[in-house]
Amino acid sequence: MAVKLVLSGIGKDFLIPVIDTVSFSVEAGEFVCLLGPNGCGKTTLLRIIGGIEPATRGTVLLDGKLVVADQRHDRPVGMVFQEDRLLPWMSLRDNVALVLKPLGRPLAERRAIANRYLGVVGLRGFEDYYPGRVSGGMRQRAAIARALAIEPDVLLMDEPFASLDAQNRRIMQNEVRRIWRETGRTILFVTHSIEEAVAIGTHLIMLSARPARIREAIRNDGRVERAKLIDDLNAMIMEEVERQQGGASL
Ligand SMILES: Nc1ncnc2c1ncn2[C@@H]1O[C@H](COP(=O)(O)OP(=O)(O)OP(=O)(O)O)[C@@H](O)[C@H]1O
Ligand SMILES: [Mg+2]
């Protein structure tokens, strides 16, 4: 089941303020792409939503329930990181099956679920392969299968295709769109690529320079011509990058 995600006044201070105030809602089944300059707090924001990192201020509601860092939530969240984080000594099947262990599923069932989700991401026939024996794109697919296997209500993806070449990236963008259509998950997807965000997101959120605020939130419904939208977003991100670099030299 897809669920609604609500961020209200989220802020985070490390040694410096990283996130000023960020509030937005993601309706069940939306595909939101999050953009923003390097180091503006995108990963931190995903970690807060995923309950890995506590916020300094504000609240995250998942299906109306408060997310508390380090506490298990009954609405699971799947995370896909920039690196695939697969264990090299385990087959792709066992890598995926491993995340089902804490859910108390018996081994045969865990393996069956792993096989199913490896199939969903196009890895049928590669279940017994080790991560070192498949391509980067295939490893990233396995990481996506691992996130999907827990049947999360929300999928948080942090630049999952950053290490892929252009061709694999396009293939994976299509795959994620297909998985999103077929599984109806709520997706929050961080990317540096404006073209990628415009190609795959139903909604686009541009963060400002650090400390992050929302610079712009756009419904990507094709009303603005794609080339113009890309130009506008490129101009915005350049301004924010300059603002952030200006801030750093103070
Ligand atoms: N655990 C931490 N302790 C202290 N500072 C941190 C910690 N995690 C992140 N930061 C700082 O918070 C800021 C934002 O980091 P974050 O990784 O969230 O940015 P980002 O937008 O994901 O960057 P990138 O585009 O490079 O992935 C950075 O200045 C970083 O140094
Ligand atoms: Mg990051």
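Quantities reported herein were computed from a predicted structural model and do not represent experimental measurements.

Caption draft 1: A look at unusual backbone geometry. A cis amide bond links Arg-210 with the next residue in sequence, Pro-211, at an omega value of -5°. The residue Arg-85 is not glycine, and still its phi comes out positive at about 50°. For Arg-85, the location among the structural elements is in the loop between strand E6 (77–80) and helix H2 (92–98). Assessed through its relative accessible area of 45%, Arg-85 is described here as partly exposed. The phi dihedral of Glu-151 falls on the positive side, at around 50°, and the residue is not glycine. Tracing the sequence through the fold places Glu-151 in the loop between helix H4 (136–149) and strand E7 (154–158). Residue classification places Glu-151 among the partly exposed positions, given a relative accessible area of 34%.

Caption draft 2: Examining the nonpolar core more closely. Ranked by size, the top nonpolar core spans 45 residues in total, and within it Phe-31, Ile-144, Met-157, Ile-187, Phe-189, Leu-204 and Leu-233 carry the most contacts. The element best represented in this core is H4, accounting for seven residues. When near neighbours in sequence (up to four residues on either side) are disregarded, Phe-189 contacts Phe-31, Val-32, Cys-33, Leu-34, Met-157, Pro-160, Phe-161, Glu-196 and Ile-200. By size, the runner-up hydrophobic cluster in this structure holds 28 residues, among which are Val-26, Cys-40, Leu-45 and Met-79.

Rules used in this analysis
- Residues numbered from 1 in each chain as written.
- Chains lettered and ligands numbered in written order.
- Predicted model: local features only at pLDDT ≥ 70, side-chain atom pairs only at ≥ 80, totals over all residues.
- Heavy atoms only, no water.
- Helix = DSSP H or I, 4+ residues; strand = E, 2+ residues; numbered from the N terminus.
- Buried < 20%, exposed > 50% of the residue type's maximum accessible area, 1.4 Å probe, protein only.
- Core = buried A, V, L, I, M, F, W, Y, C linked by side-chain atoms within 4.5 Å.
- Contact = heavy atoms within 4.5 Å.

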